[in-house]
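A structural walkthrough
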Amino acid sequence: MRWRMLALAAMAYGCFGLGVGSMPPLVDPIIRDLAMTSGQMGMVLGAWQLVFIGVGSPLGSLVDRWGARRAVILGLGLILLSLLLRGLATDFITLLLAVALFGAGAPIISVGMPKLVGQWFVGNDRGPATGTYVVGRDIGSVFALATAASFVISLTGSWRGISVVYGAITLVVIALWIVFGKDAPAAPITETAEDKPPSGVPIPSSGILSLLKIRNVQLVLILGFVVFFMNHALGAWLPTVLQENGMSLAASGRWVAVGIGVAMISNFTVPSMARLGRRSVWLIAMLVGGALSTIGLISFTGPALIAMVLAGTIIRLPAMQVLTLILLETPAVGPKRVGTAGGVFFAVAEIGGFTGPLMMGLVRDSTGSLTGGLWVIVGVAAGAAMLPLLLRERHA
C-alpha cells in the first residue's frame, strides 16, 4: 500500500511540476501577446508563491486535520483550475490571477507530500521516499519545459494550449487519487522513538508560535528563503537567460528540461545520501555550488554555458528535500506536526520564491539584461552558505 501511495504522490507532484514548468519557456510570446513588461511577467511568475506565503500555514494545518487524500485531491483541483484559466487570460491582470490561484493548490501538495512520507515511512527510509516523489515533480517540469514551446504550440497553434494539454493530464491524476488514494491506517506509522525529543527537551505545543521557538525551525526557514529565492528565480528565467545568449525559444526550453531531467538523479540520490548527521554539509555544498554555477551563467557562452545550466541544476535542486528532511527529523516536530511545520516552512520559503522571479524581471526592465539579477542570486546564495553549520542534527 505504501508504494502505491508513493506512486500517487509522485504523480500529484508531477502535476505541480507541470504548473510551474509550463510558462518559463513561453515568457516572450506571452509578453508580446498580452502586451506586458518583463517586470509584470516577473510578478506573474512569482504570483503563486506570493499567495503561498499567505495560505501556506493554514493549509498546512488543513492537511494535518483532513489527511493526505482529501487535501491532495483539493490541491490538484485548484491546480487544474489555474491551468485552465491561464489559457483564457486576456491581459496582465487576468493572467496574474490565474497563476495566483495555483498558489492556493501548491501548498497543499507541497505539505501533503512530507505528511504522506511521515505517515507511511520511518527513519532513513524517508530519504528515498522523499527523493521518489520529488522525481515526480521533476518529470512534470521536464515534460512541460520540453514540450510547451514545441509540441504544445505546434499542436494547438498558441501558448494557450498549455491549459488544455497539461490540464488533461492533471484531470487524469485527480481521478486516480479519487479511486486509489488512501490515508494511513487507523494505527499509522506516525511517530517513532527517533521522532521524539531527547530526554530533558521540552515538547512544545503544536501551535505555530511554539514551532518558531525551535532553533532548527528558525534556521530552516532562513535557508528555505535563500534556496527558493535562488531556485525559483533561475527556474523562471533560465530559458530567457539562454535566449539572451542567442538560443532559440524551443532549444532553450529543451536544454533547461535536460538539466532538470539529469537532476532527477541528484534529486533521488541526495536525500538518501544526505543521512542523519551529514545533511548540513550537503546544504553547504549545494549553496556554494549554486553560487559558482550562477557565476558560470554570467561568464560563459556556447557549450560552456550549457554545461553551467546542467551542473547548476543538478547541484542546487535537491536542497529543498534536504531541508524538509531536517524539519521532519527535528525533535518536537516529527510526522504529527510536519503538516503545520511544513506550512510555515513553505510560507516563509515562498517569500524567496516570489521575490526571486520578480527581482529578475525588474532588473531586466531597468538594465535590458538578466545579468544583474544573476549577480544578486550569487550574493544571496554565497552569503548564506555557512548557515547550515548552526543546524543541530542527530546522528544515525
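Notes on the structure in this doc start here.

Before going further, it helps to spend a moment on the overall build of the protein chain. When helices and strands are tallied, the protein chain shows 16 helices and zero strands. Taking 396 residues into account, the globule formula puts the C-alpha radius of gyration at 21 Å, and the protein chain, at 20 Å, falls close to it. The burial tally for the protein chain puts 59% of its 396 residues in the buried class. For the protein chain, the proportion of contacts with a sequence separation of at least 24, taken over those separated by at least 6, is 85%.

Taking 1.5 Å per residue, 15 residues should reach 21 Å; helix 13 (residues 302-316) reaches 22 Å between its end C-alpha atoms and fits that length. Considering only its buried residues, helix 13 is in contact with helix 10 (215-244), helix 11 (249-273), helix 12 (279-299) and helix 14 (319-329).

In this structure, Ala168 sits in helix 8 (residues 162-180). Judged by its relative accessible area of 41%, Ala168 is partly exposed. Distance in space between the C-alpha atoms of Ala168 and Leu80 is 8.3 Å, their sequence separation being 88 residues.

Once that is clear, we can look at a nonpolar patch on the surface. A contiguous nonpolar surface patch, about 330 Å² in accessible area, is contributed by Trp255, Val258, Val262 and Ile265. Mapped onto the fold, Ile265 is located in helix 11.

Turning to the side chain of Arg86, a few remarks are in order. Within the element layout of this structure, Arg86 appears in helix 5 (residues 68-86). In this structure the side chain of Arg86 is engaged in a polar contact, spanning 3.4 Å, whose partner is the side chain of Ser22. Here Arg86 is in contact with Gly19, Ser22, Met23, Leu95, Ala98, Val99, Phe102, Trp159 and Arg160, once residues within four sequence places are set aside.

On to the pattern of salt bridges. Applying the stated rule across the entire model yields four salt bridges. Between Asp28 and Arg364 there is a salt bridge, with the nearest N and O atoms lying 3.5 Å from each other. Of the two residues, Asp28 sits in helix 2 (residues 27-34) while Arg364 sits in helix 15 (residues 334-367), which places them 336 residues apart along the sequence. Arg364 sits in the buried class, given a relative accessible area of 15%.

This part covers the nonpolar core. Met41, Leu95 and Trp177 are the most contacted members of the largest nonpolar core, which totals 127 residues. Tallying contributions element by element places helix 10 first for this core, with 17 residues. The contacts of Met41, once residues within four sequence positions are left out, are Met23, Val27, Ile30, Ile31, Met36 and Trp237.

Our next topic: empty space enclosed by the protein. Tallied over the entire structure, the rule returns four cavities of 30 Å³ or more. Roughly 550 Å³ of internal volume is contained in the largest cavity. Forming the walls of the largest cavity are 34 residues, and the residues nearest its centre are Val20, Ser141, Asn231, His232 and Gly235. Per-element accounting of the lining of the largest cavity gives the leading share, seven residues, to helix 10.

Let us look at the environment of Leu317. Mapped onto the elements, Leu317 comes out in the loop between helix 13 and helix 14. Looking at Leu317, the relative accessible area reads 13%, which means it is buried. Measuring from C-alpha to C-alpha, the distance between Leu317 and Gly235 comes to 9.8 Å, with 82 residues separating the pair along the chain. If we skip the residues at most four places from it in the chain, Leu317 touches Arg137, Asn231, Ile260, Ala263 and Asn267.

Here the focus is the packing of helix 10 against helix 16 (residues 371-383). Remark: helix 10 packs on helix 16, axes separated minimally by 10 Å, with the N-to-C direction vectors making an angle of 155°. Taken together, the axis directions place helix 10 and helix 16 in an arrangement best described as roughly antiparallel. Judged by the sense of rotation from one axis to the other, the crossing of helix 10 with helix 16 is left-handed. When helix 10 is examined against helix 16, the residues Val226, Phe229, Met230, Ala233, Leu234 and Val241 are found in contact with a partner set consisting of Leu374, Val376, Ile377, Val380 and Ala381. Its residues assigned to classes, the contact of helix 10 with helix 16 comprises 11 nonpolar, no polar and no charged.

What counts as what
Residues numbered from 1 in each chain as written. Predicted model: local features only at pLDDT ≥ 70, side-chain atom pairs only at ≥ 80, totals over all residues. Heavy atoms only, no water. Helix = DSSP H or I, 4+ residues; strand = E, 2+ residues; numbered from the N terminus. Rg over C-alpha atoms; globule rule 2.2 N^0.38 Å. Buried < 20%, exposed > 50% of the residue type's maximum accessible area, 1.4 Å probe, protein only. Contact = heavy atoms within 4.5 Å. Expected span 1.5 Å × (residues − 1). Patch = residues over 30% accessible without salt bridge, like charges linked within 9 Å, V, L, I, M, F, W, Y side chains within 5 Å. Areas by Shrake-Rupley, 256 points an atom, 1.4 Å probe, with all protein chains shown as cover. Salt bridge = Lys/Arg side-chain N within 4 Å of Asp/Glu carboxyl O. Polar contact = N/O pair within 3.5 Å; in protein donor to acceptor, adjacent residues only side chain to side chain. Core = buried A, V, L, I, M, F, W, Y, C linked by side-chain atoms within 4.5 Å. 1 Å grid on protein atoms, 1.4 Å probe; cavity = no way out; pocket = protein on both sides within 12 Å on 5 of 7 lines; lining within 4 Å. Points joined across faces, edges and corners; volume = space filled by probe spheres on them. Axes fitted to C-alpha atoms, helices over the stretch in contact; angles between N-to-C directions. Parallel < 35°, antiparallel > 145°, perpendicular 65-115°, else oblique. Left-handed = near helix turned anticlockwise from the far one by under 90°. Nonpolar A, V, L, I, M, F, W, Y, C, P; charged D, E, K, R; others polar.

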